[in-house]
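Descriptive analysis of the structure
One-letter residues, chain by chain:
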Amino acid sequence: MTENQAAAEPAVAPAGAASHGSEIGLLDLLTWIGDGKRLIVSVSAGVAIVALGLALVMPEVFTAQATLLPPTSQQQGGSMAALAALSSLGSLGGLAGGLGGAKTPDELYVALLKSDTVQRALAERFALNERWKVETYEVLRKVFPTFVRIASDRKSGLIAVEVDDKDPVFAAKLANAYAEEVAKLLDRLAVSEAQLRRVFFEQQLKDIKEHLIEAELAMLKVQASSGVIVLDKQAEALISGAARVRAQIAEREVMLSVLRRTATEKNPDVQRLSAELSALRSELARMESSPENAKASMFDMPVNKLTSGGIEYVRALRELKLQEALLESMIRQYELAKLDEAKDGPSLQRVDVALPPDRKSKPQRSLIVLGSLLLAALATTSWVLWRRYSAVARAADPEANEAWARLGRAWRWKR
């Protein structure tokens, strides 16, 4: 071969090396990967083996699920209406943190299931502090979402309670216990509301009985002193009618005072009772007013025809009729309050009872091994490509090679 022929032939670049100034193509990348295939395969296989070992050592976790159906708006009683009002105000002790912002029944019950009251009861019942190895309840509250998931389906309205645990029987017991604890909470809230009304009417009934006894004794005393035994039938009818109106007024006043404890003046029931009170008071004023003289009482009309003893008899009879009518009204309200107290509060209906699962849900060993294998292969391939690219860049550009050397020396801990 002559010197001219040798000069005419181009120089052959090393395999896998890109010429200076040319771009690196797909062929170069595949070549570099082929050169480092042994390293990629060995590292990926090693990582997969380690991942398999860790997956086999990881404890099996079982997931138990209970499905609950909250009562509809037609099934909810006064206690749930009060709960909804309190949730909008955001003040109900331990429930305050969970009830804020609940709009629909399923959201309200999800908030109740996640409330501190329910969680504390479950923690004490199942000794969750020891089982989950936490010391304080504040830490336990943060740990709950790791083991328990509570969510509602917006389309169906069903609430799912999922519990993860190493013991499938314990997971099922804990999932079912959520519905039990919420039922206890709702019963307590429902009874508390009815109990307040029952105690109030019970005290009112006791006071009216005492006043009735006093009125009866006063009546006997007047009869004995005045000698009047029977009053005119018309006058007695007028007195009885006015007494019934007075009793209705007193009954409405008591009901209004009870209702105002939990409702505002814009409440429809408050407005209705206020209108009824106004109408009854107008009726009583009409009944007790004289057609001839509005300032004179109807029961004082026959005063000029009665003796002083007769006047005392009319007044005593009027008080007695009033107390009798009040007693009848309070007995009716007291019995209604007792019935409300005896009623059970609204409860969650169990659609699916949690059963001990027969298959584990975690860990998914195949996914762990495949994921680790893919990540290791991707990381090793990236490292091989970066190493070859940096070598080609340094070989093509001496200045770049010097820059890489300075960068290495700058980040070296010991110089």
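What counts, and where the lines are drawn
Every chain begins its residue count from 1, and numbering advances along the sequence as written. Note on the predicted model: pLDDT of at least 70 is required for a residue's local features to be given, and 80 or more for side-chain atom pairs to be given and counted; whole-chain, interface and lining totals, by contrast, use all residues. For the side-chain quantities, the full set of heavy atoms in the structure was used; hydrogens and water were omitted. Think of it this way: any DSSP run of H or I at least four residues long counts as a helix, any run of E at least two long counts as a strand, and we number them from the N terminus. Here's how the labels work: a residue is buried when its accessible area is under 20% of the maximum for its type, exposed when over 50%, partly exposed in between, all with a 1.4 Å probe on protein chains only. Note on contacts: a residue pair qualifies if any of its non-hydrogen atoms lie within 4.5 Å across the two residues. By the convention used here, strands pair only if DSSP detects at least 2 bridges between them. Definition used for salt bridges: Asp or Glu carboxyl oxygen within 4 Å of a side-chain nitrogen of Lys or Arg. Two joining distances apply to patches: 9 Å for like charges and 5 Å for nonpolar side chains (Val, Leu, Ile, Met, Phe, Trp, Tyr), and every residue must have over 30% relative accessible area and no salt bridge. To be clear on the numbers: accessible area is Shrake-Rupley with a 1.4 Å probe, and residue cover counts the displayed protein chains and nothing else. Geometry is summarised by axes, namely lines fitted to C-alpha atoms with helices restricted to the contacting stretch, and by angles between N-to-C directions that run from 0 to 180 degrees. Residues grouped as a nonpolar core are buried Ala, Val, Leu, Ile, Met, Phe, Trp, Tyr and Cys residues, joined through side-chain atoms within 4.5 Å. Two aromatic rings, drawn from Phe, Tyr or Trp (for Trp, its six-membered ring), form a pair once their centres lie within 6.5 Å of each other, and the interplanar angle then sorts them: stacked below 30 degrees, edge-to-face above 60, tilted otherwise. A positively charged side chain is recorded as over a ring if its NZ (Lys) or CZ (Arg) lies within 6 Å of the ring centre. The angle to the ring normal must also be within 35 degrees.

Quick look at the overall build of the chain
- In terms of regular secondary structure, the chain is built from 15 helices and four strands.
- Per-residue burial for the chain yields a buried fraction of 34% across its 415 residues.
- Contacts spanning at least 24 positions in sequence make up 74% of the contacts within the chain whose residues lie at least 6 apart.

Points about the pairing of strand E1 (residues 62–69)
- When E1 meets strand E3 (residues 159–165), the two strands line up antiparallel, connected through seven bridges. When the bridges of E3 are listed, Leu68 appears paired with Ile159.
- In terms of strand pairing, E1 meets strand E4 (residues 349–352) through three bridges, oriented antiparallel. Across the sheet, Leu68 pairs through a bridge with Arg350, a residue of E4.

Some remarks on the environment of Gly157
- Of note, Gly157 is situated in the loop between strand E2 (148–152) and E3.
- A C-alpha to C-alpha distance of 7.6 Å links Gly157 and Pro70, two positions 87 residues apart in sequence.
- Excluding residues that lie within four positions of it along the chain, Gly157 makes contacts with Pro70 and Asp106.

Considering the pattern of salt bridges
- Taken as a whole, this structure holds 14 salt bridges when the rule is applied.
- Taking the shortest distance from any N to any O, the salt bridge between Asp35 and Arg388 comes out at 2.9 Å. Taken together, the residues span a long stretch of sequence, with Asp35 in helix H2 (residues 26–35) and Arg388 in helix H14 (residues 365–396) at a distance of 353 residues.
- For Lys362, the salt bridge goes to Asp164, with nearest N and O atoms at 3.3 Å. Remark: Asp164 occurs in strand E3 and Lys362 occurs in the loop between E4 and H14; sequence separation between them is 198 residues.
- Accessibility expressed as a relative area gives 39% for Lys362, which makes it partly exposed.
- Salt bridges sharing partners connect three or more residues here, namely Arg125, Glu180, Glu181, Lys184 and Arg350.

Looking at a nonpolar patch on the surface
- The grouping of Ile24, Leu26, Leu29, Leu30, Trp386, Tyr389, Trp404, Leu407 and Trp411 at the surface amounts to a nonpolar patch, some 980 Å² of accessible area in total.
- Listed by contribution, the elements that provide at least two residues to the nonpolar patch are H2, H14 and helix H15 (398–410).
- With three residues, H2 is the largest single contributor of residues to the nonpolar patch.
- Secondary-structure assignment places Leu407 in helix H15.

Structural notes on the sheet that holds E1
- Strands sit in the order E2-E3-E1-E4 across an open sheet of four strands; the sheet is antiparallel. If you trace the sheet from one side to the other, it starts and ends with E2 and E4, each paired once. Each strand axis lies, on average, 25° off the axis of its neighbour in the sheet, ignoring direction.
- Sheet strands in contact with helix H9 (residues 137–147) are E2 and E3, and its direction is about 70° off that of E2.

So, unusual backbone geometry
- With a phi angle near 50°, Ala127 is a residue other than glycine that sits in the positive phi range.
- Relative to the assigned elements, Ala127 resides in the loop between helix H7 (116–126) and helix H8 (128–131).
- Its identity is not glycine, yet Lys133 carries a phi of approximately 60°, on the positive side.
- Summarising the element assignment, Lys133 is placed in the loop between H8 and H9.

As for the nonpolar core
- If you look at the biggest cluster of nonpolar residues, it comprises 37 residues, and the most contacted ones within it are Leu113, Leu128, Leu174 and Tyr178.
- Put simply, the parts of the chain that give this core at least two residues each are E1, helix H6 (105–113), H7, H9, E2, E3 and helix H10 (168–226).
- The leading source of residues in this core is H10, at 12 residues.
- When sequence neighbours within four positions are dropped, the list of residues in contact with Leu113 reads Leu68, Val118, Ile150, Ile159, Val161, Tyr178, Val182 and Leu348.
- One finds Phe201, Ala243, Ala247 and Ala316 within the second-largest nonpolar core, a separate group that totals 22 residues.

Remarks on the environment of Arg141
- The topology assignment puts Arg141 in helix H9.
- The class of Arg141 is partly exposed, set by a relative accessible area of 32%.
- Taking the C-alpha atoms as reference points, Arg141 and Lys114, separated by 27 residues in sequence, lie 9.6 Å from one another.
- For Arg141, the residues in contact, after removing those within four places along its chain, are Asp116, Gln119 and Arg120.

Examining the packing of aromatic side chains
- Within this structure, the stated rule accounts for four aromatic pairs.
- A centroid spacing of 5.6 Å and a plane angle of 90° characterise the contact between Phe126 and Phe170, whose relative ring orientation is edge-to-face. Of the two residues, Phe126 is situated in helix H7 and Phe170 in helix H10; the sequence distance between them amounts to 44 residues. Phe170 carries the same exposure label as Phe126, and that label is buried.
- Between Trp132 and Phe144, the ring centres sit 5.2 Å apart and the planes meet at 85°, which makes this aromatic pair edge-to-face. With a gap of 12 residues between them, Trp132 in the loop between H8 and H9 and Phe144 in helix H9 connect regions that are remote in the sequence.
- A residue is classified by how much of its surface remains accessible, and Trp132, at 9% relative accessible area, is buried.
- One aromatic cluster is present, formed by Trp132, Phe144 and Phe147 through successive ring pairs.
- The ring of Tyr137 has Arg120 sitting right over it, with the charged end atom 3.9 Å from the ring centre.

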